[in-house]
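The chain contents come next:
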Amino acid sequence: TGEVLRAHCAAAHVDQGITTEGAYRAGERVQPSGAGETLVPAGFEAVAAMLQRAGFHARVEPDIGAARLAKLLVNVAVNPLAAVHRVNNGALLAPPLRVELDRLVCEAWPVLHAEGLALDQQAALDRVHAIAQATAANRASMLQDVLAGRPTEIDAITGALLAMGLQIAIGFGYG
């Protein structure tokens, strides 16, 4: 697939794209479990077109950095809770897990907002709820790792948020 991407993309070095498509591995098969959206950075127009032809909702996102922050918000809230409680995404919307989900969003929001997240706090909560609902049957990637006995990406996900928070704290003279 790397050759396909290089052949169809103008830029040699670009930001990462994101997706909110839900899927999980079921043995050797990948099981779709929630329709989402795939956003790619400028320069990946051909990739977006290929994904659209394959039936995915995909588009070029001019502000991919802000979209990545919104994706990080969802991952920070959904992944750890799904893994710890061993539930699919949709279960996080019901009490008592909804309180924990909302608490994580509200704790992450100030850091991500300071980094450029273009959502107010209520919009951030609404986004996480909407994605959890749209991917209700999905097994979050961290849950898949726990169930398979693999290391999780907790350091990459929460570590990114913590590093942002540390930089903000240092900027305010707290570091």
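Residues numbered from 1 in each chain as written. Predicted model: local features only at pLDDT ≥ 70, side-chain atom pairs only at ≥ 80, totals over all residues. Heavy atoms only, no water.

## Section: the side chain of His129
The line we're drawing: Helix and strand assignments come from DSSP, with helices taken as H or I runs of at least 4 residues and strands as E runs of at least 2, each series counted from the N terminus. Under this definition, polar contacts are N or O atom pairs within 3.5 Å; protein pairs additionally need one hydrogen-donor-capable and one acceptor-capable atom, and for neighbouring residues in sequence, both atoms have to be side-chain atoms.
Of note, His129 is situated in helix 5 (residues 121-134). Here the side chain of His129 touches Arg98 through a polar contact of 3.2 Å, side chain to side chain.

## Comments concerning the pairing of strand 3 (residues 29-34)
Going by this rule: Pairing between strands is defined by DSSP: at least two bridges between them are needed.
Alignment of strand 2 (residues 22-26) against strand 3, held across five bridges, turns out to be antiparallel. Residue Ala26 lies in a different strand from strand 3, and its bridge partner there is Arg29. Two successive antiparallel strands, strand 2 and strand 3, enclose a turn made up of two residues, where Gly27 displays a positive phi of approximately 70°.

## Here we look at the nonpolar core
Which entries qualify depends on this criterion: Put simply, a nonpolar core is a bunch of buried Ala, Val, Leu, Ile, Met, Phe, Trp, Tyr and Cys residues held in one set by side-chain atoms that sit within 4.5 Å of each other. Buried residues are those whose accessible area, probed at 1.4 Å on protein chains only, stays under 20% of the maximum for their type, while exposed residues exceed 50% and partly exposed ones sit between those limits. Any two residues whose heavy atoms approach within 4.5 Å at even a single point are treated as in contact.
Leu73, Leu92, Leu101, Leu112 and Val128 are the most contacted members of the largest nonpolar core, which totals 33 residues. Counting only elements with at least two residues in this core, the list comes to helix 3 (64-85), helix 4 (97-115), helix 5, helix 6 (141-148) and helix 7 (154-171). With eleven residues, helix 3 is the single largest residue contributor to this core. Once residues within four sequence positions are removed from consideration, Leu73 is found in contact with Val105, Ala108, Leu112, Leu117, Ala124 and Val128.

## Thoughts on unusual backbone geometry
A cis amide bond links Pro95 with the next residue in sequence, Pro96, at an omega value of 0°. Assignment of secondary structure puts Pro96 in the loop between helix 3 and helix 4. Look at Arg86: it is not a glycine, yet its phi comes out positive at around 55°. One can find Arg86 in the loop between helix 3 and helix 4. On the basis of relative accessibility, which here comes to 54%, the residue Arg86 falls in the exposed class.

## Quick word on the side chain of Ser33
Among the structural elements, Ser33 can be located in strand 3. On the basis of relative accessible area, Ser33 is assigned to the buried category, the value being 9%. Of the polar contacts made by the side chain of Ser33, one reaches the side chain of Asn138; its length is 2.6 Å. In this structure, Ser33 is in contact with Gly22, Ala23, Tyr24, Ala134, Thr135, Ala137, Asn138 and Arg139, ignoring residues within four places of it in sequence.

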